[in-house]
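Read off the chains here:
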Amino acid sequence: MTISQDQGLAADIENAVRAVPGVSALFRAGTLVDHTIDAGARLTGLRDGSAPLIRLDQATDALRADIAIGVHGRAGAVETTRRAHEAALTAAAAHGPDRVEIRITVVHIDEAQR
Amino acid sequence: MNAHDAPDPWRMGPEELDGHTIDELADYLDAGRSPADPTIDESAGCRIALDALVRLRGLTSELIEADEAAEPAADDSWVQGILSGIALDARAGRRIPLAVGADAGITEGAVRGVIRAAENAVAGVLIGRCRFQGDITAAGEPVRVLVEASVPYGAAIPDLVDRLRAEIGARLAAHTTLNVEGIDITVSDVRQLSNRTGEGR
């Protein structure tokens with residue numbers, strides 16, 4: 001896929017996951033090193049602050065989407081994650097890559113919304 | 001609680017919370033989270049730590065003043081201990097698998113945040129450190145949850161502990177698929193409240 005196609009796919013997955021009931025926010029996926037590099041890129045203007053938060057990696061046999069979500073306290077993380085995974089898969093399938101692996105991690109439970 | 005067992009949260013390296021310290025997060029709360037700082041708002045670790053700081057501040061200043069008044073030697077070790085726990089526990093830590101038939105998980109930091117938030121349901125209780133015993137990264141493995149808590153003087157400790165254990169258990173069931181074998185709660189502090197003994201927050 002091209003860079004623009006990747007960004008379109010990431011944006012569509014992001015929108016689909018945000019729309020899932022119980023999802024409170026999306027966070028930037030990746031390691032601390034990734035976050036540090038990203039913060040530097042944003043500070044220097046090399047990266048738009050509105051760039052997709054989802055991380056896409058092209059593996060040998062599949063495109064992998066790494067997604068970090070927050071979940072409302074009143075919504076169970078287990079059920080919300082299941083729905084978010086389904087939504088992400090559906091959004092990815094619309095772009096037609098041969099194989100997409102979705103990896104979702106809950107990184108925050110928003111207790112204010114409990 | 002022995003504050004000497006844990007690093008000073010105010011001196012932790014900036015890498016602990018996506019480049020921020022507990023001190024900076026406290027200042028951010030003081031400023032009403034304004035102007036918005038996306039490096040804080042978009043950091044899961046900072047959000048977990050902010051949640052805990054807000055709850056800590058939910059304890060009235062009266063409670064803290066009473067505690068200090070009761071111990072004029074200015075022993076604020078329990079506050080330091082709580083802050084140490086907040087900073088350490090907010091780190092993402094390991095990824096705990098969620099058994100949902102897909103590649104899904106929840107960070108150790110998020111689960112600790114869930115455990116800490118059980119304070120909301122049991123008035124007067126403050127949770128210090130929480131740890132896991134067992135391999136939380138292996139689905140289905142038996143796990144014990146170890147929690148340290150501070151309770152107000154005069155409260156029936158067995159009752160508080162029972163309610164705290166039930167609340168933590170319910171939260172873990174809602175947000176994880178951990179095979180929780182037991183929840184061990186150690187009351188490590190009893191806080192003296194001068195005129196409101198036995199009352200909650």
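If you're wondering where the values come from, they're calculated on a predicted model, not measured in any experiment. (Residues numbered from 1 in each chain as written. Chains lettered and ligands numbered in written order. Predicted model: local features only at pLDDT ≥ 70, side-chain atom pairs only at ≥ 80, totals over all residues.)

1. What to know about the overall build of chain A
Counting secondary structure elements, chain A contains 3 helices and 4 strands. Across chain A, helices and strands are ordered from the amino to the carboxyl terminus as α-β-α-β-β-α-β. In chain A, which comprises 114 residues, the proportion classed as buried is 36%. For chain A, restricting intrachain contacts to residue pairs at least 6 apart in sequence, the fraction spanning at least 24 positions comes to 77%. (Helix = DSSP H or I, 4+ residues; strand = E, 2+ residues; numbered from the N terminus. Buried ≥ 20, exposed ≤ 12 C-beta atoms within 10 Å, placed from the backbone. Contact = placed C-beta atoms within 7 Å.)

2. Remarks on the nonpolar core
If you look at the biggest cluster of nonpolar residues, it comprises 77 residues, and the most contacted ones within it are I13, I67, I69 and A88 of chain A together with A49 of chain B. Ignoring any residue separated from it by four or fewer positions in sequence, one finds A88 of chain A in contact with I13, A16, V17, A65, I67, I102 and I104 of chain A. (Core = buried A, V, L, I, M, F, W, Y, C linked by C-beta atoms within 7 Å.)

3. Section: the pairing of strand β4 (residues 100-110) of chain A
With 10 bridges joining them, strand β3 (residues 63-72) of chain A and β4 of chain A adopt parallel strand pairing. When the sheet's bridge partners are listed, I67 of chain A is paired in β4 of chain A with I104 of chain A. With 4 bridges joining them, β4 of chain A and strand β2 (residues 103-107) of chain B adopt parallel strand pairing. Residue V106 of chain A lies in a different strand from β2 of chain B, and its bridge partner there is I106 of chain B. (Pairing = 2+ DSSP bridges.)

4. Focus: the environment of A138 of chain B
Residues and elements named next belong to chain B. Structurally, A138 can be placed in the loop between β3 (126-133) and β4 (142-152). The exposure class assigned to A138 is exposed, which follows from the 12 C-beta atoms found within 10 Å. Residues A138 and I96, 42 residues apart in the sequence, show an inter-C-alpha distance of 7.6 Å.

5. A look at helix α3 (residues 44-58) of chain B
Compared with the 21 Å implied by 1.5 Å per residue over 15 residues, the 21 Å span of α3 of chain B between its first and last C-alpha is a close match. Turning to α3 of chain B, its buried residues are A44, G45, C46, R47, I48, A49, L50, D51, A52 and L53 of chain B. (Expected span 1.5 Å × (residues − 1).)

6. A look at the interface of chain B and chain A
Contacts between the two partners involve 28 residues from chain B and, on the opposite side, 24 residues from chain A. Contributions of two or more residues to the side of chain B that touches chain A are made by α2 (38-41), α3, β2, α6 (108-116) and α7 (157-175) of chain B. Split by residue class, the side of chain B that touches chain A holds 13 nonpolar, 8 polar and 7 charged. (Nonpolar A, V, L, I, M, F, W, Y, C, P; charged D, E, K, R; others polar.)

7. Thoughts on the pairing of β2 of chain B
Residue and element names in this part refer to chain B. Burial within β2 is extensive, with 4 of its 5 residues counted as buried. In the sheet, strand β1 (residues 95-97) pairs with β2 via 3 bridges, with the strands oriented antiparallel. Note that in β2 the partner of P97 across the bridge is G105. Joining the antiparallel neighbours β1 and β2 is a turn of 5 residues, in which G101 adopts a positive phi near 75°.

8. Considering the sheet that holds β4 of chain B
Residue and element names in this part refer to chain B. Strand order in the open sheet formed by 3 strands is β3-β4-β5, and the pairing between neighbours is mixed. For this open sheet the edge positions go to β3 and β5 (179-191), each flanked by a neighbour on one side alone. Geometrically, the sheet is characterised by an average inter-axis angle of 15° between neighbouring strands, direction not taken into account. Bridge analysis of β4 against β5 gives 11 bridges, and the strand direction is parallel. (Axes fitted to C-alpha atoms, helices over the stretch in contact; angles between N-to-C directions.)

9. Section: the packing of helix α1 (residues 22-30) of chain B against α3 of chain B
Residue and element names in this part refer to chain B. Taken N-terminus to C-terminus, the directions of α1 and α3 make an angle of 65°; their axes are 10 Å apart at the nearest point. Classified by chirality, the crossing of α3 by α1 is right-handed. Contacts from I22, L25, A26 and L29 of α1 reach α3 at C46, A49, L50, L53 and V54. When the residues that make up the contact of α1 with α3 are grouped by side-chain class, the tally is 9 nonpolar, no polar and no charged. (Left-handed = near helix turned anticlockwise from the far one by under 90°.)

10. A few points about helix α3 (residues 77-93) of chain A
When the terminal C-alpha atoms of α3 of chain A are compared, their 24 Å separation across 17 residues agrees well with the 24 Å that a helix rising 1.5 Å per residue should span. Those residues of α3 of chain A that fall on the buried side of the exposure criterion are A77, T80, T81, A84, H85, A87, A88, A91 and A92 of chain A.

11. Observations regarding the confidence of the model for chain B
Residue and element names in this part refer to chain B. In this model, chain B carries a mean pLDDT of 80, and residues with pLDDT of at least 70 account for 77%. Counted against residues more than four places away or in other chains, residues 1-15, with its pLDDT under 50, gives 31 contacts. A low-confidence stretch, residues 194-201 stays under pLDDT 50, and its non-local contacts, those more than four residues away or across chains, total 14 contacts. (pLDDT = per-residue confidence, 0-100.)

12. Structural notes on the environment of R171 of chain B
All names here are of chain B. Positionally, R171 belongs in helix α7. Considering only alpha carbons, one finds R171 and A118, 53 residues apart in sequence, at a separation of 7.7 Å. With sequence-adjacent residues up to four places away left out, R171 is seen in contact with V114, I115 and A118.

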